[in-house]
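Residue-level structure breakdown
In case you want the letters, here they are:
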Amino acid sequence: MRDNFIYINANLLRNMVSTHGISSDDFVNGLDKLPQNIILLNDDRINANNVNAHTKFSVINGKDSIQKFLLNKQIVNKKFMDFERNYDLNLLLNTEIASLLYFGHMGLPMKSPFSSKLQNKYVYLAYKNNLLITYYRNFSDFNHILEISIKRHLRDLHSSRRMFQRPLSLKPVPLDVLKLLIKLSSEGLVINFDSILGRHRLYRIPLLLENKPQNHYVWHTQNDLYRNTINIGYLKYDIIKSKWDIDIKSKLLPKEMDEFLN
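The rules behind each value
Residues numbered from 1 in each chain as written. Predicted model: local features only at pLDDT ≥ 70, side-chain atom pairs only at ≥ 80, totals over all residues. Heavy atoms only, no water. Helix = DSSP H or I, 4+ residues; strand = E, 2+ residues; numbered from the N terminus. Buried < 20%, exposed > 50% of the residue type's maximum accessible area, 1.4 Å probe, protein only. Contact = heavy atoms within 4.5 Å. Areas by Shrake-Rupley, 256 points an atom, 1.4 Å probe, with all protein chains shown as cover. Patch = residues over 30% accessible without salt bridge, like charges linked within 9 Å, V, L, I, M, F, W, Y side chains within 5 Å. Salt bridge = Lys/Arg side-chain N within 4 Å of Asp/Glu carboxyl O. pLDDT = per-residue confidence, 0-100. Axes fitted to C-alpha atoms, helices over the stretch in contact; angles between N-to-C directions. Parallel < 35°, antiparallel > 145°, perpendicular 65-115°, else oblique. Nonpolar A, V, L, I, M, F, W, Y, C, P; charged D, E, K, R; others polar. Polar contact = N/O pair within 3.5 Å; in protein donor to acceptor, adjacent residues only side chain to side chain. Core = buried A, V, L, I, M, F, W, Y, C linked by side-chain atoms within 4.5 Å.

This part covers the overall build of the protein. The number of helices and strands found in the protein is seven helices and 13 strands. Counting across all 262 residues of the protein, residues that qualify as buried make up 52%. Considering only intrachain contacts with a sequence separation of at least 6, the fraction spanning at least 24 residues in the protein is 64%. Working note: accessible area of the protein is about 13900 Å², and carbon and sulfur atoms make up 50% of it.

What follows is the structure, given as structure tokens:
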């Protein structure tokens with residue numbers, strides 16, 4: 001399969017992560033609870049089911065409607081922020097409304113991505129080039145989303161191989177493995193299912209660290225991505241033992257990353 005990879009670049013100080021290969025389905029399936037209300041930061045009137053009179057923002061109310069919106073693959077460039085109560089939108093000052101408009105247009109918050117009035121837990125910004133930027137008030141919420149995405153990618157690859165007739169049943173990815181992947185991704189990490197190795201019922205998924213993280217996501221082709229990375233180890237799944245593991249070549253890591261493995 002081509003284009004079967006996950007790219008992660010996490011900024012834990014800003015509670016933000018840039019990704020490729022994590023879908024809106026992964027986001028929905030990875031959250032413990034979907035929000036009840038969302039603001040469409042790109043003012044998507046067509047897909048909204050309400051408009052707030054005070055802020056003039058298009059909104060979607062109701063978990064079922066939000067789930068339908070997120071899972072609709074015909075809708076591109078979804079950009080939204082959740083909020084607790086419709087009334088809270090009426091409390092926003094002009095400057096706070098302007099901050100939300102800026103956030104939706106520029107993709108960056110003027111101050112914090114989290115509003116004390118709206119009590120939002122997430123900000124979700126999708127782009128045409130399949131880049132997804134998400135903010136999490138509790139960054140641990142991303143752990144399960146990443147796990148869901150990893151398992152989906154591996155199942156898709158397993159199903160594409162004609163020798164395997166049965167769907168692949170996967171155990172949960174251990175939390176310590178997910179946390180290590182996220183920490184490593186501060187330099188830009190690719191989980192490369194395209195070049196997976198499978199022998200004796202053991203899948204070895206290459207982990208590629210970006211050489212130039214300051215230029216992350218300036219990719220023209222998939223080969224550009226792989227050309228600017230180094231293999232630092234493997235994420236492994238043993239089908240017989242139903243066990244996940246991770247093997248990192250510490251000598252290839254930047255010095256500032258040594259603490260991740262100690």
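There's plenty left to go through after this.
Okay, a nonpolar patch on the surface next. Residues Tyr102, Met106, Leu108 and Met110 make up a contiguous nonpolar surface patch of about 380 Å² in total accessible area. One can find Leu108 in the loop between helix 4 (94-106) and strand 7 (122-126).

On to the confidence of the model for the protein. Looking at the protein as a whole, the pLDDT averages 89, with 89% of positions reaching at least 70. Averaged over each element, pLDDT in the protein is lowest for helix 7 (residues 222-227) (70) and highest for strand 3 (residues 37-40) (98).

Before going further, it helps to examine the environment of Lys249. Inspection of the secondary structure assignment puts Lys249 in the segment after strand 13 (243-248). For Lys249, a relative accessible area of 36% translates into the label partly exposed. Separated by 17 residues in sequence, Lys249 and Ile232 have C-alpha atoms that sit 5.2 Å apart. Every residue in contact with Lys249, bar those within four places of it in the chain, is listed here: Asn231, Ile232, Gly233 and Tyr234.

Assignment of secondary structure puts Leu209 in strand 11 (residues 202-210). Exposure remark for Leu209: the relative accessible area of 2% places this residue in the buried category. The spatial distance from the C-alpha of Leu209 to the C-alpha of Pro254 is 9.9 Å, given a sequence separation of 45 residues. In contact with Leu209, other than residues within four places in its own chain, are Leu184, Glu187, Gly188, Leu189, Asn228, Thr229, Ile230, Ile232, Leu253, Pro254 and Met257.

Before going further, it helps to spend a moment on unusual backbone geometry. A positive phi is found at Asn15, a non-glycine position, where the angle reads about 55°. Mapped onto the secondary structure, Asn15 falls in the loop between strand 1 (5-11) and strand 2 (16-20). The exposure class of Asn15 is buried, given its relative accessible area of 18%. The backbone phi angle of Asn77 is positive, close to 55°, even though this residue is not glycine. In this structure, Asn77 sits in the loop between helix 2 (63-71) and strand 6 (79-83).

Turning our eyes to something else, we now look at the packing of helix 5 (residues 141-160) against helix 6 (residues 175-184). Close contact between helix 5 and helix 6 brings their axes to 10 Å; oriented N to C, the two are set at 95°. By the criterion of interaxial angle, the relationship of helix 5 to helix 6 is roughly perpendicular. Contact residues: Phe142, Asn143, Leu146, Glu147 and Ile150 in helix 5; Leu175, Leu178, Leu181 and Ile182 in helix 6. Partitioning the contact of helix 5 with helix 6 into residue classes produces seven nonpolar, one polar and one charged.

A distance of 3.1 Å separates the side chain of Asn15 from the backbone oxygen of Arg137, its partner in a polar contact. If sequence neighbours within four positions are ignored, Asn15 has contacts with Phe114, Thr134, Tyr135, Tyr136, Arg137 and Phe139.

Here we come to the pattern of salt bridges. Summed over the entire model, instances satisfying the criterion amount to seven salt bridges. We note a salt bridge from Asp43 to Arg45, for which the minimum N-O separation is 2.8 Å. Linked through salt bridges whose partners overlap, the residues forming this network are Asp26, Arg152 and Asp156.

This part covers the nonpolar core. Judged by nonpolar contacts, the single largest core of 55 residues is most densely connected at Phe142, Ile150, Leu154 and Ile191. In this structure Ile191 touches Asn4, Phe5, Ile6, Ile8, Ile150, Leu181, Ile205, Pro206, Leu207 and Leu235, once residues within four positions along its chain are discounted. Counting 19 residues, the second largest nonpolar core, distinct from the first, contains Met16, Val59, Phe83 and Phe103.

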